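The lines below spell out each chain.
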Amino acid sequence: MERWVNNAWVNISRNTTTYGPNHNRLILLAESWTNNAWVNGLRVTSTYDNDFNEITNLAELWSDTAWTNNSQITNTYDGNHNMLTSLDISWVINAWENSSRNTITYDNNHNKLTNLTEIWAYNTWYSTSRVTDTYDINNNLLTELVESTFNNVWGNSSRETKTYNNNNNILTDLVESWTNSAWVNSNKQIHTYDVNGNTSKLENFTWSSNQWVYSIGNLDLIQNAGKLKINYYGAIVTFQFTV
């Protein structure tokens, strides 16, 4: 990155990435321009298993004349390359210390069912949040329930509900929050399609004074069975396709 200063470009920072033979990122090096020289800042090193799943992700910081550990993520996978666990550890007083971990489960179609997040405190793992997903027979995500813990008791936090048409295109996306022991509307998006199945309109709403009102927010145009996703920012986005 460069900045225009006094009618000249001046170095600010640069990132250098190296890759393995299978295009997996091996090292990311971040440097800053200081006193007319590039100075190390951050280095991230990744390792992979034989199936090219990322096993470790080590972040180091430059300290005076040497790299020092900062954090590391270690992942495990099942035979279908689904991530099962992700452990985050931090370098504290010259030793690695647990920080957080996620444990994930899947159905027979490799859809994520649950994602449990825990933090490490007082030499014990404590659950903090849990995400539970459900799907229809076409593997479309129907609901996503987020729960949190208080005094070791799980309680609702938020819920997302999606509906689809016969072509598996999303029609509505409703987000609710758990307030005063009841589900309360929060945000809703509506997707409209033309006769050829192309998205013709995206609408974003917020629940206000017991009614839905247009609201500016992020809207996703989803095409090709979810393979293509383009993000827009607004309350209403319209599209027109020509043959």
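Scroll up a little and you will see the structure.
None of these values were measured; they are calculated from a predicted model.

Peer 1: For a nonpolar patch on the surface, give the residues involved together with the corresponding values.
Peer 2: On the surface, a cluster of nonpolar side chains totalling about 370 Å² of accessible area is made up of Ile119, Tyr122 and Tyr126. Considering the arrangement of structural elements, one finds tyrosine 126 in strand E11 (residues 124-135).

Peer 1: So, the packing of aromatic side chains: which residues are in play, and what are the values?
Peer 2: Inspection of every chain in the model, using the stated rule, returns nine aromatic pairs. An angle of 75 degrees between the planes, with centres 5.1 Å apart, marks the rings of tryptophan 62 and tryptophan 67 as edge-to-face. Overall, the relative accessible area of 28% leaves tryptophan 62 in the partly exposed class. The interplanar angle of 70 degrees and the centroid separation of 5.4 Å between the aromatic rings of tyrosine 232 and phenylalanine 239 together place this pair among those described as edge-to-face. Classification of phenylalanine 239 by relative accessible area gives buried; the value is 19%. Directly above the ring of tryptophan 154 sits arginine 130, whose terminal nitrogen or CZ lies 4.2 Å from the centroid. Over the aromatic face of phenylalanine 205 sits the side chain of lysine 188, whose NZ or CZ is 5.6 Å from the ring centroid.

Peer 1: A description of unusual backbone geometry should follow, citing residues and the corresponding values.
Peer 2: The phi dihedral of isoleucine 93 is positive, around 50 degrees, even though this residue is not glycine. Relative to the elements of secondary structure, isoleucine 93 occurs in the loop between strand E8 (83-92) and strand E9 (95-106). The backbone of asparagine 168 shows a phi angle near 65 degrees, a positive value even though the residue is not glycine.

Peer 1: Tell me about the pairing of strand E13 (residues 153-164), residues and numbers included.
Peer 2: Inspection of the sheet shows strand E12 (residues 141-150) paired to E13 by eight bridges, in the antiparallel sense. Paired with threonine 149 across the strands is tryptophan 154, a residue of E13. Linkage of E12 to E13, two consecutive antiparallel strands, is achieved through a turn of two residues, within which asparagine 151 is found at a positive phi near 55 degrees. Where E13 folds back on strand E14 (residues 170-179), the antiparallel hairpin that results is connected by five residues, among which asparagine 168 adopts a positive phi of roughly 65 degrees.

Definitions and cut-offs
- Residues numbered from 1 in each chain as written.
- Predicted model: local features only at pLDDT ≥ 70, side-chain atom pairs only at ≥ 80, totals over all residues.
- Heavy atoms only, no water.
- Patch = residues over 30% accessible without salt bridge, like charges linked within 9 Å, V, L, I, M, F, W, Y side chains within 5 Å.
- Areas by Shrake-Rupley, 256 points an atom, 1.4 Å probe, with all protein chains shown as cover.
- Salt bridge = Lys/Arg side-chain N within 4 Å of Asp/Glu carboxyl O.
- Helix = DSSP H or I, 4+ residues; strand = E, 2+ residues; numbered from the N terminus.
- Phe/Tyr/Trp six-rings, centres within 6.5 Å; stacked < 30°, edge-to-face > 60°.
- Buried < 20%, exposed > 50% of the residue type's maximum accessible area, 1.4 Å probe, protein only.
- Lys NZ or Arg CZ within 6 Å of the ring centre and 35° of its normal.
- Pairing = 2+ DSSP bridges.

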